[in-house]
Amino acid sequence: EVPLSRRDYRVGGPEMGPALVVDPDWDDIKTSGAVQEGMYGSPRPKPKIDFPPDEAQIDRWMAAPVPGYAIQRGFAQAHLAWGLGHDERNRRWIHPVRSEEGKLVGSTGRLYWEHGHCFRCGAIVEAKECPDCCQSYVKYKHHPGGWRKNALFGAHMVAEGNPVVLVEGTTDALRLWEYGVRDSCAMLGTFANVGQMQLLARLTTDVIVMGDGDEAGRTMNGNVTRALRSHVDVTTEAVELPEGVDPGDLTEAQARQLLPPRCFRDPR
């Protein structure tokens, strides 16, 4: 029988009072491999359920005016060209994600306050949670389901056979598009899923991967490079950014200095 001191009542067991706090070395036990799934009250993973995107709702958001956030940040042209949307009620900039044929497969909404005011109660926010109403700061809210494993934001915008610049986030891809990189795609994360890499190999034989200038971005560069090795016809080139710099932070001059000229539809 498991000693009571080994039971973690923080994650689901009956409330037995402060005397039965988790053992100090619980994390060591949990990560050592000695703990079987479901022991000590650990929650079992819930299966992901795919929900079809609400195309009518996406259409309504697309019909809304271009959000001021997109105009101020220099994304107005991309907003219209990519068919993006605006959820004014929840202060989210909507980025529909489509297949290479243009079919809607999901969407993600970017919250357009960062360090400023809470869109729910107006409090000044300097962290990831509003101090007054406890509204969590979640920059991207993805449509539920496992569709992201097989999708790339921007796949429908790629001209077949052109070099593709692969980045992490949607605004990174949009920023590069504004600079003339018309074939940019975002992974919506840093893990190179098999379905995403198969899609990428269908779109092009020339991939330039440019993760964010941090540890996760460098991991993404390595993940993509390794994942595409099985596609013998695809060449992969990685661009490593300085620490703390994202593709969306680059000026046009910097982007043209870092990326090969072939990435730009209007090289100059």
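What you see is a predicted model, and the numbers here were worked out from it, not measured in a lab. (Residues numbered from 1 in each chain as written. Predicted model: local features only at pLDDT ≥ 70, side-chain atom pairs only at ≥ 80, totals over all residues. Heavy atoms only, no water.)

## Concerning the packing of aromatic side chains
Then step 1. Summed over the entire model, instances satisfying the criterion amount to three aromatic pairs.
Then step 2. Ring centres of F75 and W93 lie 5.2 Å apart, and the angle between their planes is 45°; on these two criteria the pair is classed as tilted. Linking F75 in the loop between α3 (68–72) and α4 (76–81) with W93 in strand β2 (residues 92–98), this pair joins segments that are 18 residues apart in sequence. There is no split in this pair, since F75 and W93 are both buried.
Then step 3. By way of ring pairs, the aromatic residues Y69, F75 and W93 are connected into one cluster.
Then step 4. A cation over a ring is seen here: R182 above W177, with NZ or CZ 3.9 Å from the ring centre. (Phe/Tyr/Trp six-rings, centres within 6.5 Å; stacked < 30°, edge-to-face > 60°. Helix = DSSP H or I, 4+ residues; strand = E, 2+ residues; numbered from the N terminus. Buried < 20%, exposed > 50% of the residue type's maximum accessible area, 1.4 Å probe, protein only. Lys NZ or Arg CZ within 6 Å of the ring centre and 35° of its normal.)

## A look at the sheet that holds strand β1 (residues 85–87)
Then step 1. The four strands lie next to each other as β1-β2-β3-β4, forming an open sheet whose pairing is antiparallel. Pairing within the sheet leaves two strands with one partner each, and these edge strands are β1 and β4 (140–142). Going from strand to strand, the sheet's axes swing by 30° on average, the running direction of each strand aside.
Then step 2. Where strand β3 (residues 104–111) and β4 come together, three bridges link them in antiparallel fashion. Considered in β4, the bridge of T108 is made with H142.
Then step 3. Contacts from helix α5 (residues 170–178) reach β2, β3 and β4 within the one sheet, and its direction differs from that of β2 by about 80°. (Pairing = 2+ DSSP bridges. Axes fitted to C-alpha atoms, helices over the stretch in contact; angles between N-to-C directions. Contact = heavy atoms within 4.5 Å.)

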